[in-house]
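Residue-level listing of the chains:
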Amino acid sequence: MGAVGDVGRPRHEPVGGVMKVAVFGLGYVGSVTAACLAAAGHEVWGVDVDTAKVEPIAQGHSPVVEPGLDDLVAAGATSGRLHATTDPRLALERADVSLICVGTPSTQAGSTDLTYIKRAVRDIAEAAQVVVRPESGFHSIVIRSTVPPGTVDEVVAQVLAEMPPPDGLTFGTAMCPEFLREGSGLADFYEPPFVVVGTRNPKVGTALTDLFAFLGKDVQVVDVRTAEALKYACNAFHATKVSFANEMGRIFRHFDVDSREVMKIFVQDTSLNISPYYLKPGFAFGGSCLPKDLRSVLHLARMHDTELPLLAGTLATNERSVRDVVDRVIAGPGREIALLGLSFKHATDDLRESPNVELAERLIGKGYNLRIYDAIVNPGRLVGANLRHVTSKLPHLQRVLTDDPDAALAGADVAIVAATDRPAVQALLRTPPARTIDLSGRLGADVEALHGYEGVGW
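What counts and how
Residues numbered from 1 in each chain as written. Predicted model: local features only at pLDDT ≥ 70, side-chain atom pairs only at ≥ 80, totals over all residues. Heavy atoms only, no water. Helix = DSSP H or I, 4+ residues; strand = E, 2+ residues; numbered from the N terminus. Rg over C-alpha atoms; globule rule 2.2 N^0.38 Å. Buried < 20%, exposed > 50% of the residue type's maximum accessible area, 1.4 Å probe, protein only. Contact = heavy atoms within 4.5 Å. Pairing = 2+ DSSP bridges. Expected span 1.5 Å × (residues − 1). Arc of directions from axis to C-beta. Core = buried A, V, L, I, M, F, W, Y, C linked by side-chain atoms within 4.5 Å. Right-handed = clockwise from strand over helix to strand, strands pointing away. Disulfide = S-S within 2.5 Å.

(A) Quick look at the overall build of the protein. Per the secondary structure count, the protein includes 18 helices and 14 strands. Its C-alpha atoms give the protein a radius of gyration of 23 Å, within 12% of the compact-globule value 23 Å for 458 residues. Reported as C-alpha extents along the three principal axes, the dimensions of the protein are approximately 75 × 50 × 40 Å. Every one of the 458 residues in the protein was classed for burial, and the buried ones make up 53%. Sequence separation of 24 or more characterises 74% of the internal contacts of the protein that already satisfy a separation of 6 or more.

Written out as structure tokens, the structure is:
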């Protein structure tokens, strides 16, 4: 297995043999997966209905912002191992495996919308009718997107039953969840906590063991529903950790306690498998995974008359984290607000369900004059669900967004700070506003010593 520093080096002879792989969906998960598999030496075809995602890969660029991904995509395109297309037939020609990495957004009721999963499976089944089959006569259809338990057995199986493979070709299905964090996607791909394949078909298990052999990890083959549930368990736990730390911050600040110190000691106990990663008081959680997957878990519980009060409370306390900051702004003087940091996480441009976007929308709705700084977000590069979400929330983003923190802070009465990059911190120190509300707790001692500094939970 190559180290993270080796991710751009071509691997002409993968440990498990060269395979042709179709990756359906070229968002964060699909783009990282496609580029890394191509770097491992496999022949990879990315498929997406959105030309704004296909064309950059064809030109040797990543369609999404992810550290290191541009170089990896360029290397894959130059080597001829990484391709992108809107035509599933090109990707399925002699392909051994299809990895489905499409979006699974929430419905208004909180359930998981499987429309794109069904469409991808149908596209595969239709293309398989006319393309040349792989030499093995076997094709693995693998879900990588986060889906409720039973999706492969019921939803995927139903689509395939309506359009069975042609003579001489057999389909096998599986769930192989991904564990990629935006901002560290390449490192996470090459050093996963585990590689899990949920399938009842031993041929699929063998195919995916060969596909991911270069990672140097034992592949755990489990029941398909176990694999589907695993990602929900992980994301539900991560979401719970964020909200738990924020609740500690909100209560302890009334007792003049720095909850960061409390939690710093708390996470030293790792014997119960508590990771320190999310256990830091701060702002609300957001992004493309935790909110929707938590809603999906709660929807499944309601459908089975099962109460999950902690997880139900997690969404409420997350919303309270946003409302708490709005209330604190309203309680003080000033109408000019600088918001430093818009994406839900540093080093990405993902605005989907970003609590900072929600905060901006609420403050603008209450009549505040808002200027936003973000070093990475570029409205011209946003595509797909990312673009749709921010357009629905902040239709005039272009007019209030700047990549200059000094411009955002000019004349501001209050700075709400999510960004932790050096330019933002230096600008705060140069021209501190009357109030600074710190959402991260990682701005440093100099900023915390400023007059008017407030920690969101300490």
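Here the narrative resumes, following the displayed structure.
(B) Representation of the sheet that holds strand β10 (residues 369-373) within the structure. Strand order in the open sheet formed by 6 strands is β11-β10-β9-β12-β13-β14, and the pairing between neighbours is parallel. What marks the edges here is a single partner per strand, and that holds for β11 (401-402) and β14 (453-455). Pairing of strand β9 (residues 336-340) with strand β12 (residues 414-417) involves 4 bridges; the strand directions are parallel. Counted as the bridge partner of Leu-340 is Val-417 from β12.

(C) Representation of unusual backbone geometry within the structure. You will see that Asp-256, though not glycine, has its phi angle at about 55 degrees, which is positive. For Asp-256, the position within the fold is in the loop between α9 (224-252) and α10 (259-266). Positive phi values are uncommon outside glycine, yet Ala-347 reaches one of about 75 degrees.

(D) Local environment of helix α6 (residues 151-162). Taking 1.5 Å of rise per residue, the 12 residues of α6 would be expected to cover 16 Å, and the 16 Å separating its terminal C-alpha atoms lies within 8% of that figure. All of the buried residues along α6 are Thr-151, Val-152, Val-155, Val-156, Val-159 and Leu-160. Looking straight down α6, one finds that the buried residues subtend no more than 130 degrees of arc, so they occupy a single side. For α6, exposure combined with an orientation more than 90 degrees from the buried face picks out Ala-161 and Glu-162. Residues of α6 that are buried make contact with α5 (115-128), β5 (138-143), β6 (170-175) and α9.

(E) Representation of the nonpolar core. With 46 residues, the main nonpolar core has Leu-340, Leu-359, Leu-363, Ile-372 and Ile-416 as its most contacted residues. Listing elements by their share of this core, those giving two or more residues are α12 (309-331), β9, α13 (355-365), β10, α16 (405-409), β12 and α17 (422-430). Aside from chain neighbours lying at most four places away, what touches Leu-363 is Val-326, Val-329, Ile-337, Tyr-368, Leu-370 and Ile-416. Among the nonpolar cores identified, the runner-up in size contains 43 residues, and Val-21, Tyr-28, Val-97 and Leu-208 belong to it.

(F) Looking closely at the pairing of β12. A two-sided burial pattern is seen for β12, the buried positions comprising Val-414 and Ile-416 on one face and Ala-415 and Val-417 on the other. The parallel pair β12 and strand β13 (residues 435-438), bridged by α17, forms a crossover whose chirality is right-handed.

(G) Representation of the state of the cysteines in the model. With the rule as written, the count across this model stands at 0 disulfides. For the unlinked cysteine Cys-36, the closest cysteine sulfur is that of Cys-101, found at 11 Å. Cys-234 takes part in no disulfide bond, and the closest cysteine sulfur to it belongs to Cys-289, at a distance of 11 Å. Since its relative accessible area comes to 17%, Cys-234 is described here as buried.

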